[in-house]
Amino acid sequence: MPKSLYPHAAPETRDRLEQDFTLKLFNTFDWSTTPLGPIPDWPESLKGAARLMMAASTPMAMMVGEEGILLYNSGYAVFAGQRHPEIFGMRTLEAWPEIAEFNRQNIERGLLSESWTFNNQELVLNRHGEPESVWMDLHYSPIMGDDGLSMGTLCVVHETTDRVLAERALARSEERMSLAINGTDLVGTWDWDVLNDRVTADDKFAALFNLDSLRAGLGVPISAFLQAIHPDDVERVGQEIAEALKHGSFYKSEYRLQDAEGRVTWVVASGRPRVDADGRVHRFPGVAIDVSEQHRAAEALTESELRFRTLADAMPQMVWSTRPDGFHDYYNARWYDFTGVPAGTTDGEGWNDVFHPEDQERAWGVWRHSLATGEPYQIEYRLRHHSGEYRWTLGRALPIRDANGQIVRWIGTCTDIHESRLIAEERELVAQELSHRIKNIFAVLNGIISLSARSYPESKTFADQLRQRIYALGEAHDFVRPQGYFDSTTAGQGNLSALIERLLRPYNGDEQPRVSFSGDDARVDDAAATPMALLVHELATNSAKYGALSQQGGRVSITGRKGEDAYHLQWSEIGGPKVTQPETLGGFGTRLVQLSVEGQMRGKLTRQWNEDGLNVDIELPLDALSRSTRLRAGPNT
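What counts and what doesn't
Residues numbered from 1 in each chain as written. Predicted model: local features only at pLDDT ≥ 70, side-chain atom pairs only at ≥ 80, totals over all residues. Heavy atoms only, no water. Helix = DSSP H or I, 4+ residues; strand = E, 2+ residues; numbered from the N terminus. Buried < 20%, exposed > 50% of the residue type's maximum accessible area, 1.4 Å probe, protein only. Polar contact = N/O pair within 3.5 Å; in protein donor to acceptor, adjacent residues only side chain to side chain. Pairing = 2+ DSSP bridges. Axes fitted to C-alpha atoms, helices over the stretch in contact; angles between N-to-C directions. Parallel < 35°, antiparallel > 145°, perpendicular 65-115°, else oblique. Left-handed = near helix turned anticlockwise from the far one by under 90°. Contact = heavy atoms within 4.5 Å. Nonpolar A, V, L, I, M, F, W, Y, C, P; charged D, E, K, R; others polar. Core = buried A, V, L, I, M, F, W, Y, C linked by side-chain atoms within 4.5 Å.

With respect to the element layout, Arg382 can be found in strand β14 (residues 377-384). Arg382 gets classed as buried once you look at its relative accessible area, which sits at 16%. Among the polar contacts listed, one links the side chain of Arg382 to the side chain of Glu358, at a separation of 3.2 Å.

Below is the structure:
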């Protein structure tokens, strides 16, 4: 006898039926290896139940006998996932070991002829290689034999996992929405029963519309809410509501509410009508958000913007601003008065067109550097005046940053400095001419000294020393003489390191430098340059005669250190002859050094005669180095 559930089916009928992969597995499975035995030996009631199960599209499974041999249809095979077909014909407890206890109870209840149901039963199954939670509606019934006894348990499986997860996600979303709405004083909700004209609302919505929360919770006509709308807005709002009801479209409106004392609250209300099966709008739910604070902020911003523009237009300078990327989007009235260009024509990159052609690339370069680094912008360039001439202008800009340090805007000014620049150029010419004449005086003095030394040979040594000191004064004067207003060709002009390098240049050969400066530099002006020049000159002269500079390979290290109130300068001779402290220090050079440091610069000078050379420590008040520092210190210093 064929081993098939359909032993009398024609071959073509069997081929059609076995297109169901599970039925084909059913017919080809070696049932003799199970307690059920071959299919022909099964009770007719069992075969009939199996045929019914295999014909069903709903996932179904049978747990037959006390060992619960697992039979199932193609719907259940899909439900079993990767466990199919391995579990087909197995003992149920072995097929699903992770829920063995759950199935044992169901097998026992089925053999007792019970019927029962589990709704949204959660089980953890390993169907796809890892445990996962699965929810199902399970309907159990006994498989009754001819003798009226149960042969096993039939289970109809309806998986509800997607529905349960969707419902839980919806519940979480609604919970979060409820918490968000209830946790703020800004949002209120309403639900309008349009057919019965009853609006129910939460406490916040009722408070916004000056209604008792109990009445609003029970429901009141829409007219009760419309009464709270500002008289100037109520007609418009009514028209917008009617338009939404007519077309079933999304509704959003911003309007004012007014309480009994005349206080105004701004709200944004939004919602969408709901249509029933007959196409009628039956519900209209929505929310209202209190945006009064935003309105007040916008009004304050508008007022602040007006004040800024008024202040900017009242300033004598040209004022402009840009976005963080440097796009120019604002100029005050002075800009247009000066340039004469139409409003808006210099927005963006158009501002560069009013620069002198020779200044455009330089101005762009400085501006790009400020945008890239966030450093303040400052440059002098020529702008085309409305008269057609180019006038010198000082451009400055500072970045405005937010709390996180990000640049949100640049604010800049342009100041007309044309006349002051011309005056400065004239002063420079006079200053340079005066400096030239002073240099000539130094040259005449040196000439007189040289002529005198020829007439009085016994004074040659004194004359040479005097001439060298006058040379040092000349170098100091030349160092601090006025440079070009717009350019300085002397590197480090005004710095102490540059003055020392200039004075000691004769002691540095072309190969290895013998005198070096390191540490903190300092600015010096014409008042400080003269005593500093005499000091350095005397130290260098003595070193060349008696110290490190008198020896091959000897050198001098000069170190600067800037403190809070004083500047420290150390002169260290290295590689010179062994020196000892003299019995007396009363020579002219010594007195000149003390006069320069302690007299003119109010400093302190100490000497140390070390075995490898002389060390001189000089401490100077910071305000002794620069006239501008002394001026800032106030009239009493």
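What follows concerns the pairing of strand β9 (residues 264-271). Judged from the eight bridges that link them, strand β8 (residues 251-258) and β9 form a sheet pairing that is antiparallel. Counted as the bridge partner of Lys252 is Ser270 from β9. Hairpin remark: β8 followed by β9, antiparallel, with five residues in the connecting loop; positive phi at Gly262, about 90 degrees. Taken together, the five bridges between β9 and strand β11 (residues 281-290) define a ladder with antiparallel strand orientation. Residue pairing for β11: Val268 is matched across the bridge by Ile289.

To continue, consider the sheet that holds strand β5 (residues 150-159). Ordered by their spatial adjacency, five strands build an open sheet running β2-β1-β5-β4-β3, and the pairing between neighbours is antiparallel. Only two strands of the sheet have a single partner each, and these edge strands are β2 (69-72) and β3 (116-126). Averaged over all pairs of adjacent strands, the angle between their axes in this sheet comes to 35 degrees, without regard to strand direction. Both β3 and strand β4 (residues 131-144) contribute to a ladder of nine bridges, which runs antiparallel. Along β4, the bridge assignment pairs Gln121 with Met136.

Attention now moves to unusual backbone geometry. A negative phi holds for most residues other than glycine; trans holds for most peptide bonds. In this chain, His84 is followed by Pro85 through a cis amide linkage whose omega measures 5 degrees. As for its placement among the helices and strands, Pro85 is situated in the loop between α4 (74-80) and α5 (92-95). Even without a glycine there, the phi angle at Asp197 is positive, about 50 degrees. You can see Asp197 is positioned in the loop between β6 (187-193) and β7 (198-201). Located in the positive-phi region is Asn210, a residue other than glycine, with phi close to 60 degrees. Secondary-structure assignment places Asn210 in the loop between α8 (203-208) and α9 (213-218). For Asn210, a relative accessible area of 41% puts it in the partly exposed group.

Attention shifts here to the packing of helix α2 (residues 21-28) against helix α3 (residues 44-55). Interaxial distance between α2 and α3 falls to 10 Å at its minimum, and their mutual angle equals 155 degrees. Regarding the angle of α2 to α3, the classification is roughly antiparallel. Seen from above, α2 lies across α3 with right-handed handedness. Contacts between α2 and α3 involve Thr22, Leu23 and Phe26 on the former and, on the latter, Ala50, Met53 and Met54. Considered class by class, the residues forming the contact of α2 with α3 number five nonpolar, one polar and no charged.

Ranked by internal contacts, the top residues of the largest apolar core, which has 43 residues, are Phe26, Trp31, Trp42, Met62, Leu71 and Trp96. Not counting residues within four places of it along the chain, the set of residues in contact with Trp96 comprises Leu70, Tyr76, Ala80, Arg83, Ile87, Asn103, Leu125, Asn126 and Arg127. With 32 residues, the next largest nonpolar core counts Met532, Leu535, Leu569 and Val597 among its residues.

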